[in-house]
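Next come the chains, spelled out residue by residue.
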Amino acid sequence: MAALEDQTIIERRGDEAPTAERGPWLVRHPAEWRQLGIVAVYWGLLGSMVFVPACRNVAVLGMAFYFSFLNSVVIHNHMHQGVFKAKWLNLLFRRVLSFGALYPATVNIPAHNLVHHHFDDDGQPDWAAPDNVAFKWNLLNLIHFPNVSGPNTFNGVQRWAGIRGREDFKRQYLYDNAFAFGLTGALFLYDFWATLFFVVLPQLYGARCILRINLIQHDRCDVESEWNHSRNFVGRFFNWIMCNNGYHTIHHNRAGLHWSVLHQHHAVEVKPRIDPSLDEPSMVGYLFRTYLLNLVRPAAKNVAAAERVAIALPDSDNLGSRDVRRAEAVRAAGL
Amino acid sequence: MLTRELMGYAALWVLWGNTLLVALAAGKQAFALLARANALRAGRVYGRVVGPEPIAEVCVDQIGRQGAGSSPSVVWHDQTYRSRILGGAIEIEGKGVARVAAADAIVWVDPAQVLEAARCPDSATFNQVHQAARKVKGHARTIVAEVPAGAFVSVRGELRGEGESLEIVLAEPAALFAIDPLRFAGEKSRIVLAYFIPGIILGAAICTIVALHEPVFDSLVSKLGALAAFVFFLLVLPAGTAVRDWLREPHERIVRGKWVAPKPAVNASLADNASRSGAVE
């Protein structure tokens, strides 16, 4: 519990910027420089392939694919809690991130923060629910998942945006799109083939991979349960480069926490309550085992039994209801 | 060094891989719908519903919220789909009138009937609902499409007894059809298997042929083919999910919809027409 109390300063609402003497320069949290570094490296990789033909090789392209995925991870974090202290910089950063994934980062507000975090769209399933795919050969589910979840998400977002009072969202959505497609279009005019192969392919790869994460982190979990709805990947290096996105249960339950402290809360709050099979040491190992070595989809397991055993933990009443958490997620996103 | 040719072929491989997955998923679902209809049609009893009450209903719970835009509207969002046999009697030719017990059941009615039930009845209702839909939680309603007295239906079950004790003992899962299930599934599956799947494969093939125009990945024609392939890739995915939704079974069909305020009309007749045309988008 002491670890949790120490971190309450970080568990602040997204609209509460720290004072100048407490916080670092420009950004809300010193760890944000890691995210900015990731995006800078990604832009550097894309730029080098477009403008320097010698860079069009397997190593740079492979790095661009990987950093495109990380760019989408940064979108996720940024749309939960803006990286910068200044609102205008946060909005500008949204455009930068949108270009990196060729989709408007603003989409994450309804698609991720409001619907996915609660596995529910007013009674209908999450737009990126694992049930969207149903091939017997599990590898096909992994490959095909973005083909369904992507359009599902954009359909859902269109419906969500069609409701009165969401004009600011639509404006931001438009600006994100204008920047992402405008800059990509300009690059097409500069060098069509280089842009198609060395910019658009990485952009699409990252966007599709972040959709796949929904399948990887929730398939065969119990989304009705309070703690056993997500799969966690707890490798140290993995979480360093992924900005702690492996700690998914605690992120769902406490969306207001800053990503840099998720590992501590995972250890204290999540680990005693989840089925051990939902604490995976390595994502690569999990993918290899689940989608390559295993031809069929694993059978469902009663993972929620673990939290019923652990329900008497001293801080078990510390978690707000899903409605309370939804409101917290909305506040953190600055809505 | 990654050459243009190598990257071009890799990109086409991505296009084809995903197009084939969309086709495979659509085909799989079409066959599943056929198999489902085939399984449900076995062991049915046919007859006409004896009144006065409806024998079954399909319900869609919805939430309505005020729509964006300058003209008043209500946007409907589906929450849950339910269907059940309410209980009643069916007249079976040559056998008499058989009782049917109430039960949760799969009920297939004409999708147009559900859409009709979802329409805005009049401008007074619209105004009332529009006001209620201002709330963040929206305005809840349930669309009910009934299978009325006089309708010709088929029920999954076994006919037992005779005379006044004649009854249909429902099979598991219980199902009542106001439409021919196999015909419904057959028509949908045929469109997917005969038109959608060949159509998207043809689309990918045309893009590929144009993209491979000599000099490959260098000429203007090849460039246009690559651009078309990119656009096709962005379109074939939503087309796949649209087909997936379209293939849903009738008792779980997506309804949603939008009520738009009836426009002021010059006379009662025009007002009535406007109300009808603007009811559901």
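This structure is a prediction, so every number in the text was calculated from the model and none was measured.

Reading the values: rules and limits
- Residues numbered from 1 in each chain as written.
- Chains lettered and ligands numbered in written order.
- Predicted model: local features only at pLDDT ≥ 70, side-chain atom pairs only at ≥ 80, totals over all residues.
- Helix = DSSP H or I, 4+ residues; strand = E, 2+ residues; numbered from the N terminus.
- Core = buried A, V, L, I, M, F, W, Y, C linked by C-beta atoms within 7 Å.
- Buried ≥ 20, exposed ≤ 12 C-beta atoms within 10 Å, placed from the backbone.
- Contact = placed C-beta atoms within 7 Å.
- Expected span 1.5 Å × (residues − 1).
- pLDDT = per-residue confidence, 0-100.
- Axes fitted to C-alpha atoms, helices over the stretch in contact; angles between N-to-C directions.
- Left-handed = near helix turned anticlockwise from the far one by under 90°.
- Nonpolar A, V, L, I, M, F, W, Y, C, P; charged D, E, K, R; others polar.
- Parallel < 35°, antiparallel > 145°, perpendicular 65-115°, else oblique.
- Pairing = 2+ DSSP bridges.

Engineer: I'd love a proper account of the environment of Leu36 of chain A, names of residues and values included.
Structural biologist: Here Leu36 of chain A shows up in helix H2 (residues 32-51). It is 8.5 Å that separates the C-alpha atoms of Leu36 of chain A and Val83 of chain A, two residues lying 47 residues apart in sequence.

Engineer: Describe the nonpolar core, naming the residues involved and giving the relevant values.
Structural biologist: What tends to happen in soluble globular proteins is that the nonpolar side chains get buried as a cluster. If you look at the biggest cluster of nonpolar residues, it comprises 131 residues, and the most contacted ones within it are Ala26, Val107, Val147, Val153 and Leu176 of chain B. With 13 residues, helix H8 (residues 192-218) of chain A is the single largest residue contributor to this core. When residues no more than four places from it in sequence are discounted, the contact partners of Val153 of chain B are Gly47, Val49, Ile55, Ile90, Val147, Leu176, Phe177 and Ala178 of chain B.

Engineer: Explain the environment of Arg65 of chain B to me, and be specific about the residues and the numbers.
Structural biologist: Structurally, the position occupied by Arg65 of chain B is in strand S2 (residues 56-66). Residue classification places Arg65 of chain B among the buried positions, given that 24 C-beta atoms sit within 10 Å. Residues Arg65 of chain B and Trp76 of chain B, eleven residues apart in the sequence, show an inter-C-alpha distance of 6.7 Å. Aside from chain neighbours lying at most four places away, what touches Arg65 of chain B is Ile163 of chain A together with Val75, Ala133 and Gly138 of chain B.

Engineer: Tell me about helix H1 (residues 4-41) of chain B, and please be specific about residues and values.
Structural biologist: Spanning 38 residues, H1 of chain B covers 55 Å between terminal C-alpha atoms, matching the ideal 56 Å at 1.5 Å per step. At the C-terminal side of H1 of chain B, Gly43 of chain B shows a positive phi close to 65°.

Engineer: Lay out the confidence of the model for chain A in plain terms, naming residues and giving numbers.
Structural biologist: With 86% of its residues at a pLDDT of 70 or more, chain A has an overall mean of 90. Contacts from residues 1-20 of chain A, a stretch scored under 50 in pLDDT, to residues over four places away or in other chains number 27 contacts.

Engineer: Summarise the packing of H2 of chain A against helix H3 (residues 58-80) of chain A; cite the residues concerned and give the values.
Structural biologist: Residues and elements named next belong to chain A. Interhelical geometry of H2 versus H3 gives an angle of 145° and a closest axis separation of 9 Å. As for the relative orientation of H2 and H3, their crossing is left-handed in sense. When H2 is examined against H3, the residues Gln35, Ile38, Val39, Val41, Tyr42, Leu45, Leu46, Ser48 and Met49 are found in contact with a partner set consisting of Val60, Leu61, Met63, Ala64, Phe67, Ser68, Leu70, Asn71, Val74 and Asn77. For the contact of H2 with H3, the residue count by class is 14 nonpolar, five polar and no charged.

Engineer: I'd like a rundown of the packing of helix H4 (residues 181-211) of chain B against helix H5 (residues 220-246) of chain B, residues and numbers included.
Structural biologist: Residues and elements named next belong to chain B. Packing of H4 against H5 leaves a shortest axis separation of 7 Å and a crossing angle of 160°. For the element pair H4 / H5, the angle class is roughly antiparallel. Two packed elements cross with a definite hand, and for H4 against H5 that hand is left-handed. Of the residues in H5, those touching H4 at Val192, Phe196, Ile200, Gly203, Ala204, Cys207, Thr208, Val210 and Ala211 are Val221, Ser222, Leu224, Gly225, Ala226, Ala228, Ala229, Phe232, Val236, Ala239 and Val243. Across the contact of H4 with H5, the residue classes break down as 16 nonpolar, four polar and no charged.

Engineer: Outline the interface of chain A and chain B, listing residues and values.
Structural biologist: Residue-level contacts link 27 residues of chain A with 27 residues of chain B. Listed by contribution, the elements that provide at least two residues to the side of chain A that touches chain B are H3, helix H6 (138-161) and H8 of chain A. Among the elements that make up the side of chain A that touches chain B, the one with the highest residue count is H6 of chain A (nine residues). Tallied by class, the residues present in the side of chain A that touches chain B amount to 13 nonpolar, eight polar and six charged.

Engineer: If you had to explain the pairing of S2 of chain B to someone new, which residues and values would you point to?
Structural biologist: Residue and element names in this part refer to chain B. Judged by how many residues are buried, S2 sits mostly within the fold: eight of eleven residues are covered. When S2 meets strand S3 (residues 73-85), the two strands line up antiparallel, connected through eleven bridges. The residue bridging Gln66 from the neighbouring strand is Val74, located in S3. Remark: six residues form the turn of the hairpin made by S2 and S3, two consecutive strands paired antiparallel; Gly69 in that turn has positive phi of roughly 110°. Of the pairings in the sheet, the one linking S2 to strand S8 (residues 139-147) comprises nine bridges and is antiparallel in character. Its bridge partner lying in S8, Gly64 is registered against His139.

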